[in-house]
Amino acid sequence: MARLFSKTQSANPPSERDLLNNKYQSARSVFLLVVALTVVNMVMAVVGEDTYFLFSIFIPYFLTFLGAMLCGKMPEEYYVGENAIEPYESSGIMWVLVAISAIIVIAAAVLWLISKKPSTIKMIVMLAFFALDTVLMLLISGIDLTMILDYVMHAYIIYALITGISAAAKLKALPQESPVAPDDSFIAP
């Protein structure tokens, strides 16, 4: 138990390279979580749920939700009242929109996969991808106060990706690590 609270951990602080690598990998983890929750949101829309996780890519969810709504998959309140829509008989349009959404999500997953090693360019592409999604979200929804949490989450994800870009650039600027020579001071009997 005493070992839990010992000061040995502070004796060897992480190197600057380790800290920067952790920041980069953290940005990648945020992007992976976004991709995963987008898939969950898409599945929920296809089965008729109109709730979603905020921490996701907007356009694939929007397209999937639109397809599900147009095909009568959403709760009854979407189809009654003054602003009601008449659903299509065929679910073909929904599957076309799901396919387009899947292509977008697969592209995001590929971006995550190829960014394993710290790379400023790859992280910038991820940022551009997500920034485009954010711009499209704002164009589609306008400034809607009911979506304030969506805006905050998108801003956080953009911040995380910018942090990843900064970390990758600083890692590239660090001098190469020299190989550690073996310690010959210990001689076996």
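Figured I'd write up the structure that's included with this text. As the structure is a prediction and not an experimental result, all values here were calculated from the model.

Let us look at helix α5 (residues 120-141). Working note: α-helix, 3.6 residues per turn, so residues spaced by three or four point in the same direction. Spanning 22 residues, α5 covers 31 Å between terminal C-alpha atoms, matching the ideal 32 Å at 1.5 Å per step. Every buried residue of α5 is accounted for by Thr-120, Met-123, Met-126, Leu-127, Phe-130, Asp-133, Thr-134 and Met-137. Looking straight down α5, one finds its buried side chains confined to an arc of 150°; they lie on one side. Looking at α5, the residues exposed on the side facing more than 90 degrees away from the buried face are Ile-121, Leu-132 and Leu-139. Residues of α5 that are buried sit in contact with α2 (16-46), α3 (58-70), α4 (92-114) and α6 (148-173). Directly after α5, the chain includes Gly-142, whose backbone phi takes a positive value near 70°.

Turning to the side chain of Thr-38, a few remarks are in order. The residue Thr-38 is located in helix α2 in this model. For Thr-38, the side chain forms a polar contact with the main-chain nitrogen of Ile-57, separated by 2.8 Å. Discounting residues that sit within four places of it in the chain, Thr-38 has contacts with Ser-56, Ile-57, Pro-60 and Val-105.

In helix packing, the relevant descriptors are the interaxial angle and the interaxial distance, both defined with respect to the helix axes. Contact geometry of α3 with α5 gives a least axis separation of 8 Å together with a crossing angle of 45°. Taken together, the axis directions place α3 and α5 in an arrangement best described as oblique. On α5, the residues touching Phe-58, Ile-59, Pro-60 and Phe-62 of α3 are Asp-133, Leu-136, Met-137 and Ile-140. The class makeup of the residues in the contact of α3 with α5 is 7 nonpolar, no polar and 1 charged.

Cut-offs applied
Residues numbered from 1 in each chain as written. Predicted model: local features only at pLDDT ≥ 70, side-chain atom pairs only at ≥ 80, totals over all residues. Heavy atoms only, no water. Helix = DSSP H or I, 4+ residues; strand = E, 2+ residues; numbered from the N terminus. Expected span 1.5 Å × (residues − 1). Buried < 20%, exposed > 50% of the residue type's maximum accessible area, 1.4 Å probe, protein only. Arc of directions from axis to C-beta. Contact = heavy atoms within 4.5 Å. Polar contact = N/O pair within 3.5 Å; in protein donor to acceptor, adjacent residues only side chain to side chain. Axes fitted to C-alpha atoms, helices over the stretch in contact; angles between N-to-C directions. Parallel < 35°, antiparallel > 145°, perpendicular 65-115°, else oblique. Nonpolar A, V, L, I, M, F, W, Y, C, P; charged D, E, K, R; others polar.

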